[in-house]
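Below are the chains, spelled out letter by letter.
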Amino acid sequence: DGYSMGRSLYFSDRKVWLSRPDEGRYLEVIAAIPISEVEATVFQRMFVILVSVGLLVLVVIAIIVFYQRQMRQFIHSVTEAKFRAIINGSQDAIVSVSPRLNITSWNGAANRLLHHDEKQTIGKPLLSILELEDDSVLNEATLKSIQDSQQHQSLEIRLAGGTSEKVDLAVSLSPIESSRKGTGITLMFRDISQEKRVAEEIHRLNASLESQVEERTADLEVARNEALQASEMKSAFLANMSHEIRTPMNGIFGMLNLIKRGPLLDDQKRYLTMAEDSVESLSSLINDILDLSKVEAGKLDMESVEFDLLDVLSTQVSSLALKAQQKGLEVLLDLAGVERSCVMGDPHRFKQVITNLMG
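How each quantity is defined
Residues numbered from 1 in each chain as written. Predicted model: local features only at pLDDT ≥ 70, side-chain atom pairs only at ≥ 80, totals over all residues. Heavy atoms only, no water. Helix = DSSP H or I, 4+ residues; strand = E, 2+ residues; numbered from the N terminus. Buried < 20%, exposed > 50% of the residue type's maximum accessible area, 1.4 Å probe, protein only. Contact = heavy atoms within 4.5 Å. Areas by Shrake-Rupley, 256 points an atom, 1.4 Å probe, with all protein chains shown as cover. Expected span 1.5 Å × (residues − 1). Bend = angle between axes of the 7 residues up to and from the residue. Polar contact = N/O pair within 3.5 Å; in protein donor to acceptor, adjacent residues only side chain to side chain. Salt bridge = Lys/Arg side-chain N within 4 Å of Asp/Glu carboxyl O. Phe/Tyr/Trp six-rings, centres within 6.5 Å; stacked < 30°, edge-to-face > 60°. Patch = residues over 30% accessible without salt bridge, like charges linked within 9 Å, V, L, I, M, F, W, Y side chains within 5 Å. pLDDT = per-residue confidence, 0-100. Axes fitted to C-alpha atoms, helices over the stretch in contact; angles between N-to-C directions. Left-handed = near helix turned anticlockwise from the far one by under 90°. Nonpolar A, V, L, I, M, F, W, Y, C, P; charged D, E, K, R; others polar.

## Looking at the overall build of the protein
Stage number 1. Each helix and strand counted, the protein has nine helices and nine strands in total.
Stage number 2. Considering the protein as a whole, with its 359 residues, one finds that 22% of them fall into the buried category.
Stage number 3. A separation threshold of at least 6 residues defines the contact pool for the protein, and within that pool the share at least 24 residues apart is 50%.
Stage number 4. When the accessible surface of the protein is split by element, carbon and sulfur atoms take 58% of a total near 26,100 Å².

Below is the structure:
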């Protein structure tokens, strides 16, 4: 109690052996320490432990943050390398510009198509590199409008400088949110000179073909008018000639009728009848000449009357028999099997058919 002087103490005892344990000689040592000192020691050790744990946590956090940053940089570098490989391997020229419209990337196809090296273009204004024939299509206002609208746009331009032939390009412009500074633009150029030349050639050939068709149509119209005029003249000629021939034919008909009224022998009457039939056939032929003009006009009419088939056949064969005899031919008319002699039809057309067949 005198040692504690009113303080709370922690006691600890321990035996200190002076000989072997079986001999039983030992000292009992009792140690006392104030509770405040114990608590101070415990607090000090807990503080050290907490500080150590905190430092360990900070180190772990720092390691994790460093690892994540390294991984992001690695992924970004791998992705950028892949995209750069794709861009450099593209057959189309791909160019990127910053929000201030300065060139930030320029692939190999752009070297060949736009005739500038990447080292000469990086950091320079895009419009100062492109040698445009007409800057009304692609200009600073066009690029600014794409940045403001954030919309894709396609257009066609023509390069005018440095080559013997002008190059036509199809340009695809896409806005790219590159940084806090603003919106950049990626431009993809494709050579369409061959397509444009083919389209112009097709247009020229179409125009030439249309002109030839118009000329040919005009020629056909002239030929058609000439053919119509010739047909009208032919029809008028046939009509006039037919009427002119009918005048002497009417005289022949009249004379034959006068002869029939006089005394005639049987053979003379038969010959006279044959002559009348021939005259009628000739008259029918004249009518056919007139019918030709009707056929061309689509107005031919077929007669339908009753006539004696045997009588018509006998008359036609008799009229042609003399000409056959002059050639040493014998003409026979076989009427066996004809059940009906009276038929309906056009006797003049029938006579024409028989005459043509026998002739």
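## Regarding helix 8 (residues 309–326)
Stage number 1. Its 18 residues place the ends of helix 8 27 Å apart at the C-alpha level, agreeing with the 26 Å of an ideal helix rising 1.5 Å per residue.
Stage number 2. Of all the bends in helix 8, the largest measures some 35 degrees and sits at Leu 320.
Stage number 3. Residue Asp 308 occupies the N-cap position of helix 8, its side-chain oxygen lying 3.0 Å from the main-chain nitrogen of Leu 310.
Stage number 4. Gly 328 sits one or two positions beyond helix 8 and adopts a positive phi of about 80 degrees.

## Some thoughts on the pattern of salt bridges
Stage number 1. On inspection of all chains with the given rule, the structure shows five salt bridges.
Stage number 2. The residue Arg 158 makes a salt bridge to Asp 168 at a minimum N-O spacing of 2.8 Å. Of this pair, Arg 158 sits in strand 5 (residues 153–159) while Asp 168 sits in strand 6 (residues 167–179); the two residues are ten residues apart in sequence, bridging distant segments of the chain.
Stage number 3. The salt bridge partner of Glu 201 is Arg 204, with a shortest N-O separation of 2.4 Å. One end of the pair is Glu 201 and the other is Arg 204, both in helix 6 (residues 193–261) and three residues apart, which spans about a single turn.
Stage number 4. Overlapping salt bridges, with partners in common, bring together Glu 133, Arg 158 and Asp 168 in one network.

## Observations concerning the packing of aromatic side chains
Stage number 1. Per the counting criterion, the structure on display carries one aromatic pair.
Stage number 2. Seen in terms of ring centroids, Phe 307 and Phe 350 are 6.0 Å apart; in terms of plane orientation they differ by 40 degrees. Their pairing is tilted. In this pair, Phe 307 is assigned in strand 8 (residues 305–308) and Phe 350 in helix 9 (residues 347–358), connecting sequence segments 43 residues apart.
Stage number 3. On the basis of relative accessible area, Phe 307 is assigned to the buried category, the value being 11%.
Stage number 4. For Phe 350, a relative accessible area of 24% gives the class partly exposed.

## Brief notes about a nonpolar patch on the surface
Stage number 1. A cluster of nonpolar side chains, contributed by Phe 43, Phe 47, Val 48, Ile 49, Val 51, Val 53, Leu 55, Val 57, Leu 58, Ile 61 and Val 65, occupies part of the molecular surface with about 1,000 Å² of accessible area.
Stage number 2. Within the secondary structure, Leu 58 sits in helix 1 (residues 35–89).

## Some words on the environment of Asp 308
Stage number 1. For Asp 308, the position within the fold is in strand 8.
Stage number 2. Residue classification places Asp 308 among the partly exposed positions, given a relative accessible area of 32%.
Stage number 3. Residues Asp 308 and Cys 342, spaced 34 residues apart in sequence, show a C-alpha to C-alpha distance of 4.6 Å.
Stage number 4. Looking at Asp 308, its side chain comes within polar contact range of the main-chain nitrogen of Leu 310, at 3.0 Å.

## Concerning the confidence of the model for the protein
Stage number 1. Summary statistics for the protein give a mean pLDDT of 80 and a share of 86% for residues scoring 70 or more.
Stage number 2. Predicted confidence in the protein is weakest over helix 7 (residues 266–296), with a mean pLDDT of 74, and strongest over strand 9 (residues 342–345), with 92.

## Remarks on the environment of Pro 125
Stage number 1. Along the chain, Pro 125 falls in the loop between helix 3 (118–121) and helix 4 (126–129).
Stage number 2. Looking at Pro 125, the relative accessible area reads 41%, which means it is partly exposed.
Stage number 3. Spatially, the C-alpha atoms of Pro 125 and Leu 101 are 5.8 Å apart, while their sequence positions differ by 24 residues.
Stage number 4. With sequence-adjacent residues up to four places away left out, Pro 125 is seen in contact with Leu 101 and Asn 102.

## Considering the packing of helix 8 against helix 9
Stage number 1. Two elements in contact, helix 8 and helix 9, have axes whose closest approach is 10 Å; the angle formed by their N-to-C orientations is 40 degrees. In the packing of helix 8 onto helix 9, the handedness of the crossing is right-handed. In this structure, helix 8 uses Leu 309, Val 312, Leu 313, Gln 316, Val 317 and Leu 320 to contact helix 9, whose residues at the interface are Phe 350, Lys 351, Ile 354, Thr 355 and Met 358.
Stage number 2. Along the lines of polarity and charge, the residues of the contact of helix 8 with helix 9 split into eight nonpolar, two polar and one charged.

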